[in-house]
Amino acid sequence: MGSQRHRLTAAERRKRILSAAAQTFASEGYRAASISEICEKAGITKPVFYDHFDSKCDAFIEVIKDARDKLISTGSEILQHSAPAHQRVREAIASFFIFVQEQPTLARVLLFGARGDPELAAVDWKVQQEATERIASLLRDGVKSPHLSSPSHNQTLHLRAEFLKIGIHGLAEWWLHNPETPREILIDTIMDLVWPSLKILHFQDNA
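Residues numbered from 1 in each chain as written. Predicted model: local features only at pLDDT ≥ 70, side-chain atom pairs only at ≥ 80, totals over all residues. Heavy atoms only, no water.

K.L.:
Teacher, can you tell me more about the overall build of the protein here?
P.N.:
In terms of regular secondary structure, the protein is built from nine helices and zero strands. Ordered by position in the sequence, the α and β elements of the protein form the string α-α-α-α-α-α-α-α-α. Within the protein, the proportion of its 207 residues that are buried is 43%. In the protein, 69% of the contacts between residues at least 6 apart in sequence involve partners at least 24 apart. Counting every atom, the protein has about 11,700 Å² of accessible surface; 54% of that belongs to carbon and sulfur. (Helix = DSSP H or I, 4+ residues; strand = E, 2+ residues; numbered from the N terminus. Buried < 20%, exposed > 50% of the residue type's maximum accessible area, 1.4 Å probe, protein only. Contact = heavy atoms within 4.5 Å. Areas by Shrake-Rupley, 256 points an atom, 1.4 Å probe, with all protein chains shown as cover.)

K.L.:
Help me understand the nonpolar core, please; the structure alone is not making it clear to me.
P.N.:
By size, the foremost hydrophobic cluster in this structure holds 61 residues, and its most contacted members are Phe-25, Phe-49, Ile-93 and Phe-97. For this core, the secondary structure elements donating two or more residues are α1 (10-28), α2 (35-42), α4 (56-79), α5 (85-102), α6 (104-112), α7 (118-142), α8 (151-177) and α9 (183-200). Of the residues forming this core, the biggest block, eleven residues, is contributed by α4. Ignoring anything within four residues of it in the chain, the contact list for Ile-93 reads Leu-164, Ile-168, Ile-187, Ile-190, Met-191 and Val-194. (Core = buried A, V, L, I, M, F, W, Y, C linked by side-chain atoms within 4.5 Å.)

K.L.:
Can you help me understand the packing of aromatic side chains in this one?
P.N.:
Aromatic ring pairs are reported here in terms of the distance separating the ring centres and the angle at which the planes meet. Under the counting rule described, the total for this entry stands at eight aromatic pairs. With centroids separated by 6.0 Å and ring planes inclined at 55°, the aromatic side chains of Phe-96 and Phe-99 adopt a geometry described as tilted. Remark: Phe-99 and Phe-96 occur in helix α5; sequence separation between them is three residues, near one turn of the helix. We note that Phe-96, like Phe-99, is buried. Three or more aromatic residues link up through ring pairs in this structure, and these residues are Phe-96, Phe-97, Phe-99 and Trp-175. Just above the ring of Tyr-30 sits the side chain of Lys-56; from NZ or CZ to the centre is 4.5 Å. (Phe/Tyr/Trp six-rings, centres within 6.5 Å; stacked < 30°, edge-to-face > 60°. Lys NZ or Arg CZ within 6 Å of the ring centre and 35° of its normal.)

Given below as structure tokens:
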């Protein structure tokens with residue numbers, strides 16, 4: 001008796017749809033991308049698509065949220081390691097550029113897939129601000145300061161987190177157009193800019 005074909009779980013099917021959606025948004029742009037094309041790439045029907053997502057916009061938001069959450073999770077894990085603080089921060093920054101290098105299609109959607117589209121502007125802004133808050137939280141966990149809970153200190157961390165995020169995103173976008181540039185040069189550039197600021201805040205080594 002022949003073996004039965006593997007039936008995808010709901011989670012596996014959702015992952016396949018998100019992958020197809022990322023490819024379509026990256027190649028066609030959000031406005032030109034169609035649910036039909038996403039379904040064709042994913043090997044599903046439209047009813048199956050709507051089992052998982054309410055609309056094309058909903059799928060786009062989930063694509064960028066999924067990428068954001070994985071990146072933040074990876075950075076968080078790295079920063080919890082026992083290596084010296086400078087090394088952990090460098091590795092966390094490196095993980096973003098590794099993502100861009102290994103998943104350029106998804107990186108394009110995350111970095112500028114919503115650009116120029118009024119329908120996505122507000123939701124993309126919210127996703128990006130949530131990313132800033134999470135980065136600020138990671139910095140807060142690593143900073144040793146007697147003024148940790150003061151409003152001014154929290155604002156300082158938020159501004160540094162925003163600067164770090166925007167700077168990394170900007171260099172990553174540039175790198176997509178200049179892939180011949182070695183990854184280490186980008187990481188060195190970011191570290192030269194952000195590490196002095198973190199040292200001032202007493203970013204600490206883990207015990």
